[in-house]
Amino acid sequence: MVVAANLFIFIFAPADSENKRFTKKEKRLYRRNSLLFLAGIDLLYIGCLLGICMDSFFSVFFAVLQLAVSVAIVKLLERRSNSKA
């Protein structure tokens, strides 16, 4: 789950919409923020694996996976619509 989220966010983030495209500066900023967020989640995951944080963080990791899948779907649908146009 964490590996899939890492791949999706690393490949597809950030996702913008047709209605409001990112400028190059915004895209760099949001990309950096996405990767920093991902690094924080990865550190939390490593902490859970090492037993440092004993709480159950399954819901956090599942939520990140859902976000990553959403970003991937948006990007894939955008590519599909661009190829048809």
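This one's a predicted model, so the numbers in the text were calculated from it and none came from an experiment.

J.: Is there a simple way to think about a positive patch on the surface in this case?
T.: A contiguous patch of positive charge, built from K24, K25, K27 and R28, is present on the exposed surface. Its location among the elements puts K27 in helix α2 (residues 24–50). Using a relative accessible area of 41% as the deciding quantity, one classes K27 as partly exposed.

J.: Which parts of the structure should I look at to understand empty space enclosed by the protein?
T.: It is a probe the size of a water molecule, rolled over the atoms, that shows where empty space is left. Counted according to the given criterion, the structure contains 1 cavity of 30 Å³ or more. As for the largest cavity, its lining consists of M1, V2, A5, N6, L38, I41, D42, F61 and V64. Residue assignment for the lining of the largest cavity shows that the elements contributing at least two residues are α1 (2–12), α2 and α3 (58–84). When the residues that make up the lining of the largest cavity are grouped by side-chain class, the tally is 7 nonpolar, 1 polar and 1 charged.

J.: I would appreciate a short explanation of the packing of aromatic side chains in the present structure.
T.: The geometry of an aromatic ring pair is captured by two quantities: the separation of the ring centres and the angle between the planes. The full count for this structure, using the stated rule, is 1 aromatic pair. With 4.9 Å between their ring centres and 55° between their planes, F22 and Y30 make a pair best called tilted. The ring of F10 carries R31 above its face, with NZ or CZ at 5.1 Å from the centroid.

J.: Help me understand the confidence of the model for the protein in this model?
T.: Caution applies to low-pLDDT parts of the model: their predicted coordinates are not meant to be read in detail. Per-residue confidence for the protein gives a mean pLDDT of 80; residues scoring 70 or more make up 91%. Across the protein, the element-wise mean pLDDT spans from 79 in α3 up to 85 in α2.

J.: Looking at this structure, how should I read the nonpolar core?
T.: Side chains that are nonpolar tend, in soluble globular proteins, to be buried together. Judged by nonpolar contacts, V2, A5, I9, A13, L38, I41, F61, V64, L65 and A68 together constitute the single largest core of 10 residues. Within the residue set of this core, elements represented by two or more residues are α1, α2 and α3. Contact partners of I9, with chain neighbours within four places excluded, come to R31, S34, L38, V64 and A68.

What counts, and at which threshold
Residues numbered from 1 in each chain as written. Predicted model: local features only at pLDDT ≥ 70, side-chain atom pairs only at ≥ 80, totals over all residues. Heavy atoms only, no water. Patch = residues over 30% accessible without salt bridge, like charges linked within 9 Å, V, L, I, M, F, W, Y side chains within 5 Å. Areas by Shrake-Rupley, 256 points an atom, 1.4 Å probe, with all protein chains shown as cover. Salt bridge = Lys/Arg side-chain N within 4 Å of Asp/Glu carboxyl O. Lys, Arg positive; Asp, Glu negative; His and termini not counted. Charge placed at Lys NZ, Arg CZ, Asp CG, Glu CD. Helix = DSSP H or I, 4+ residues; strand = E, 2+ residues; numbered from the N terminus. Buried < 20%, exposed > 50% of the residue type's maximum accessible area, 1.4 Å probe, protein only. 1 Å grid on protein atoms, 1.4 Å probe; cavity = no way out; pocket = protein on both sides within 12 Å on 5 of 7 lines; lining within 4 Å. Points joined across faces, edges and corners; volume = space filled by probe spheres on them. Nonpolar A, V, L, I, M, F, W, Y, C, P; charged D, E, K, R; others polar. Phe/Tyr/Trp six-rings, centres within 6.5 Å; stacked < 30°, edge-to-face > 60°. Lys NZ or Arg CZ within 6 Å of the ring centre and 35° of its normal. pLDDT = per-residue confidence, 0-100. Core = buried A, V, L, I, M, F, W, Y, C linked by side-chain atoms within 4.5 Å. Contact = heavy atoms within 4.5 Å.

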